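# Summary of structural features
Listed here are the chains, written in short residue letters.
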Amino acid sequence: TLAWEFAKKPQKDSLFYYNNMSEKFIQGDKERGMYHVLNSKYYMIIQNFDKSKEETSLSINFAKKVNDYNTLGSAYNTYTNIANYNGEITKAYEYSKKNLEYTLKSNNSNKILSSYVNLNSLALNLMKYEEAKSYYNKASKYFSKYNRQEQAIMKKNLGMALLKLQENEKNGMIDITFFIE
C-alpha cells in the first residue's frame, strides 16, 4: 500500500522503488496483481509502453483469478492511457469500456466517475455524440461537491463538442437537437 501513496506523487522512481521493495511480502494473487499494475503505471509514466503492457497483462491474469475488480479497472485504464497517448483513440475507447465494466463491479464511486469522464472524452473525440451525452448523464449520478474538477472537465468537453456541432449544423451537416435536450 505504501507504493500506492507514491503513485499519487510526481516521484516516479519512488513508486518503482517502494513497489519492488514490497515484492517479497506478496502473499497471493490479489497482491501480485496490484504489484504488477503499479509496475505498469511506472513504466507508462516513463513511456516504456511495451514494458507497461507486459506488466498490465500480468496484472490482469492475477486479478482475474481472484475477481479483483479494482485492479482490473486500473489495468484497463493503463491500456486506455497508452492507446490514447499513441493516438489510437478507437482502441482507447474499447479499453475504456472494459475499465468501466470493472469499475462498476468495484462499486468505487470515484473510479466509476473517472471512467465515465474518460469514456465521455473519448466518445466526443470519436464524434459519438449521443454516447458522450449518455456517459455524461450516467456520470451525473456520481457528482458531488467533492468532484467538481471531473464535473468541469465533462461540461467543458460537452460544451466544446456542442460548439463543433453547431458549426457543422450551420454548414448543413447535422442536426444537433438531440444533444441539447
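Note that the coordinates shown come from a computational prediction; the quantities given were computed from them, not determined experimentally. (Residues numbered from 1 in each chain as written. Predicted model: local features only at pLDDT ≥ 70, side-chain atom pairs only at ≥ 80, totals over all residues. Heavy atoms only, no water.)

## Remarks on the side chain of T71
Short version of the rule: Going along the chain from the N terminus, every DSSP run of H or I of four or more residues is numbered as a helix, and every run of E of two or more is numbered as a strand. Should any heavy atoms of two residues lie within 4.5 Å, those residues are counted as being in contact.
With respect to the secondary-structure elements, T71 resides in helix α5 (residues 69-85). Setting aside residues up to four positions removed in sequence, T71 forms contacts with G33, M34, V37, S59 and A63.

## Remarks on the packing of helix α3 (residues 29-45) against helix α4 (residues 49-65)
When two helices pack together, their arrangement is captured by the angle between the axes and the distance separating the axes. What counts, and what does not: Whenever a helix is involved, its axis is fitted only over the stretch in contact; in every case the axis is a line through C-alpha atoms, and angles between N-to-C directions fall within 0 to 180 degrees. Should an angle fall under 35 degrees it is called roughly parallel, over 145 degrees roughly antiparallel, and 65 to 115 degrees roughly perpendicular, with every other angle called oblique. The crossing is said to be left-handed when, going from far helix to near helix, the turn is anticlockwise and less than a right angle, and right-handed when the turn is clockwise. Residue polarity follows a fixed list, in which Ala, Val, Leu, Ile, Met, Phe, Trp, Tyr, Cys and Pro are nonpolar, Asp, Glu, Lys and Arg are charged, and the others, Gly among them, are polar.
The interhelical angle for the contact between α3 and α4, taken along N-to-C directions, is 160°, at an axis separation of 7 Å. In terms of axis orientation, α3 runs roughly antiparallel to α4. In this structure, α3 crosses over α4, and the sense of that crossing is left-handed. The residues of α4 that touch α3, namely those facing D29, R32, G33, H36, V37, N39, S40, Y43 and M44, are F49, K51, S52, E55, T56, L58, S59, F62 and K65. Each residue belonging to the contact of α3 with α4 can be placed in one class, and the counts come to 6 nonpolar, 7 polar and 5 charged.

## Focus on unusual backbone geometry
Non-glycine residue Q47 carries a positive phi angle of around 65°. Within the secondary structure, Q47 sits in the loop between α3 and α4. Positioned with a positive phi, M127 is a non-glycine residue whose angle comes to about 60°.

## Some thoughts on the environment of L38
For L38, the position within the fold is in helix α3. Residues L38 and A75, spaced 37 residues apart in sequence, show a C-alpha to C-alpha distance of 9.0 Å.

## Structural notes on helix α7 (residues 109-125)
How we decide: Multiply 1.5 Å by the residue count of a helix minus one, and that product is the helix's expected span. Buried, partly exposed and exposed residues are distinguished by accessible area as a fraction of the type maximum, computed with a 1.4 Å probe on protein chains only: under 20%, between the cut-offs, and over 50%, respectively.
With 17 residues, α7 ought to run about 24 Å at 1.5 Å a step, and its terminal C-alpha atoms sit 24 Å apart, in line with that. Regarding α7, the residues found buried are I112, L113, S115, Y116, V117, L119, N120, L122, A123 and L124. Looking one or two places after α7, you find M127, whose phi comes out positive at around 60°.

## A word on the packing of α5 against helix α6 (residues 89-106)
Direction vectors running N to C along α5 and α6 enclose 165°, while the axes themselves pass 8 Å from each other. Regarding the angle of α5 to α6, the classification is roughly antiparallel. The element α5 and its partner α6 pack so that their crossing is left-handed. Residues Y69, N70, L72, G73, S74, Y76, N77, Y79, T80, A83 and N84 of α5 form the contact with α6, whose own contacting residues are I89, K91, A92, Y95, S96, K98, N99, Y102, T103, K105 and S106. When grouped by side-chain class, the residues that make up the contact of α5 with α6 number 9 nonpolar, 10 polar and 3 charged.

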